[in-house]
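Chains, contacts and geometry: an overview
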Amino acid sequence: MNRRRPPDDTDDDVNAFRQALREAGVRPIAVNRADPGRPRRRDPAAAERRAAAVAADGADTPSRTSDGRVEPVRPSEFLDFALPDLPYRTRSQLKRGQIAWEAGLDLHGHTLDEARLELESFLHEAAASRMRCVLVVHGKAWGSTADYPVIKSHVNAWLREWPMVLAFCSAQEFDGGTGAVYVLLRRRGLNA
């Protein structure tokens, strides 16, 4: 391969440019790494959080739901979620209440922590029994410290995180309406 050398007049331009940089006091960098000019701060709280995260990552926790911030839903809001590859016909049958539910869970009167534990236990048992569809009654009552239905909002978030859940939607009126959800479960492929 033959490299063409640029004409000599560009060498003069490059030399003039370099000379101008030297005269301006510009020096080449010695290290090709960013240096913010300040030492890294040692934060003991950050080190504790990091250690806790590493320890929790290795621990086999039975909980599959988070306690993070959830998006509040209105008492009368229709809940609807499905994995993208769920067939349209199956989703339509679930919404119309045409898939018979095999077991039900009523979360009325539970605290948030109790509701989460009950829901997780119920879903474990349903998956172990290879159930296809279950009913979860979450209610529509507003929380005593919140201006939205707390259990309903959390159930909406928790079910989206659960790997065995293919879809869920608010129930028909005769099964609890917007105070309950039909939950369609995966019967194979994942270990609960």
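Our structure's up above, just so we're on the same page.
This write-up is about the structure you can find in this document. (Residues numbered from 1 in each chain as written. Predicted model: local features only at pLDDT ≥ 70, side-chain atom pairs only at ≥ 80, totals over all residues. Heavy atoms only, no water.)

1. Looking at the pattern of salt bridges
The tally for this structure, following the rule as stated, stands at 4 salt bridges. One network of salt bridges, with partners in common, ties together Asp 80, Arg 91 and Lys 95. (Salt bridge = Lys/Arg side-chain N within 4 Å of Asp/Glu carboxyl O.)

2. Some remarks on the side chain of Asp 175
With respect to the helices and strands, Asp 175 occurs in the loop between β4 (165-170) and β5 (180-185). Although Asp 175 is buried, it forms no salt bridge, and the closest oppositely charged side chain is Arg 96 at an N-O distance of 13 Å. Polar contacts involving the side chain of Asp 175 include one to the side chain of Trp 101, which spans 3.3 Å. Those residues in contact with Asp 175, other than ones at most four positions away along the chain, are Trp 101, Leu 135, Ala 180 and Tyr 182. (Helix = DSSP H or I, 4+ residues; strand = E, 2+ residues; numbered from the N terminus. Buried < 20%, exposed > 50% of the residue type's maximum accessible area, 1.4 Å probe, protein only. Lys, Arg positive; Asp, Glu negative; His and termini not counted. Polar contact = N/O pair within 3.5 Å; in protein donor to acceptor, adjacent residues only side chain to side chain. Contact = heavy atoms within 4.5 Å.)

3. Observations concerning helix α3 (residues 88-95)
Turning to α3, its buried residues number three or more, namely Thr 90, Ser 92 and Leu 94. The inward-facing, buried residues of α3 abut β3 (133-137), β4 and β5. Two residues or fewer after α3 comes Gly 97, characterised by a positive phi angle close to 75°.

4. Considering a nonpolar patch on the surface
Residues Phe 17, Leu 21 and Val 26 make up a contiguous nonpolar surface patch of roughly 270 Å² in combined accessible area. Counting through the fold element by element, Phe 17 comes out in helix α1 (residues 8-24). (Patch = residues over 30% accessible without salt bridge, like charges linked within 9 Å, V, L, I, M, F, W, Y side chains within 5 Å. Areas by Shrake-Rupley, 256 points an atom, 1.4 Å probe, with all protein chains shown as cover.)

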